[in-house]
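# Structural characterization, general
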Amino acid sequence: MTVTTVKWSLDDYHRMIAAGILADRRVELLKGEIVEMAVEGEPHAYARNEADEYLTEVLGSRAKIRQDSPITLPNDSEPEPDIAIVQRLGREYRSHHPYPENIFWLIEYAESSLEKDLEVKSKVYAEAGIPEYWVVNLKAMQLVVFRDPQNGAYASQQNLISGTINPLAFPDLAIVIEAILNP
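Everything numeric in this text was worked out from a predicted model, so none of it was measured.

## Regarding the nonpolar core
Generally speaking, a soluble globular protein has its nonpolar side chains buried in company with each other. Within the largest apolar cluster, 27 residues are counted, with the highest numbers of intra-cluster contacts made by L55, I85 and I180. Secondary-structure elements contributing two or more residues to this core are α2 (42–59), β4 (83–86), β5 (103–110), β6 (132–137), β7 (142–150) and α4 (177–181). Top contributing element to this core by residue count: α2, with five residues. Each residue touching L55, except ones within four places of it in the same chain, is listed here: G60, I65, I83, I85, W105, I107, I175 and I180. Membership of the second largest hydrophobic core comes to 19 residues, among which are I103, L106, A126 and V144.

## Topic: the packing of aromatic side chains
With the rule as written, the count across this model stands at seven aromatic pairs. Between Y133 and F146, the ring centres sit 5.5 Å apart and the planes meet at 20°, which makes this aromatic pair stacked. In this pair, Y133 is assigned in strand β6 and F146 in strand β7, connecting sequence segments 13 residues apart. When its relative accessible area of 0% is taken as the criterion, Y133 is described as buried. According to the relative accessible area criterion, F146 is buried, its value standing at 6%. Put simply, the rings of F104, W105, W134 and F170 touch in pairs and so form one group of aromatic residues.

## Concerning the side chain of R147
By the secondary structure assignment, R147 is in strand β7. The exposure class of R147 is buried, given its relative accessible area of 15%. Within the structure, the side chain of R147 is placed 2.7 Å from the side chain of E132, a separation counted as a polar contact.

## Quick look at helix α1 (residues 10–18)
What α1 keeps buried is the set L10, Y13 and M16. Axial view of α1: buried residues confined to an arc of 125°, hence all on one face. Set apart from the buried face of α1 by more than 90 degrees, the exposed residues are D11, R15 and A18. Of the surrounding secondary structure, the elements contacted by the buried residues of α1 are β1 (27–30) and β2 (33–36). Within two residues after α1, G20 carries a phi angle of roughly 85°, on the positive side.

How each quantity is defined
- Residues numbered from 1 in each chain as written.
- Predicted model: local features only at pLDDT ≥ 70, side-chain atom pairs only at ≥ 80, totals over all residues.
- Heavy atoms only, no water.
- Core = buried A, V, L, I, M, F, W, Y, C linked by side-chain atoms within 4.5 Å.
- Buried < 20%, exposed > 50% of the residue type's maximum accessible area, 1.4 Å probe, protein only.
- Helix = DSSP H or I, 4+ residues; strand = E, 2+ residues; numbered from the N terminus.
- Contact = heavy atoms within 4.5 Å.
- Phe/Tyr/Trp six-rings, centres within 6.5 Å; stacked < 30°, edge-to-face > 60°.
- Polar contact = N/O pair within 3.5 Å; in protein donor to acceptor, adjacent residues only side chain to side chain.
- Arc of directions from axis to C-beta.

Encoded structure:
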């Protein structure tokens, strides 16, 4: 017996949201599949909120920090990264979520979702051409930095625990890794 799963388009997904079908569910669309999002624990919420404040201060008016908000990708995906650093497009975001060309980089905080964030989401983001993707491994207290998307995967991966990192979009900025990992 062959089992075939139904793939959903972005339009299908948006219609389900508008109809209230997904109102009581924490889900996101990844490559046409509606995926349940992990429950967020206290360390996750705390670290993400503190990093959001830090990045807002460091980046100032150069970028908009969006927390737990959807982004729309061309591969039938509408994930909700913990932090998205995007262009400041103001009211334009009233008519659409950020597209890949609006995204500087994404950050996911991972404890129970570590495998999904490292394996599944990294491929979804690379396939969409997101230039930089960071995963904060809350278990090992390390920052995994993915760069250089090629053929549906990132060609570069670094594991960092201290020091600073210069985001590709803002090479003149030194982001303190400890402020992202363990604020």
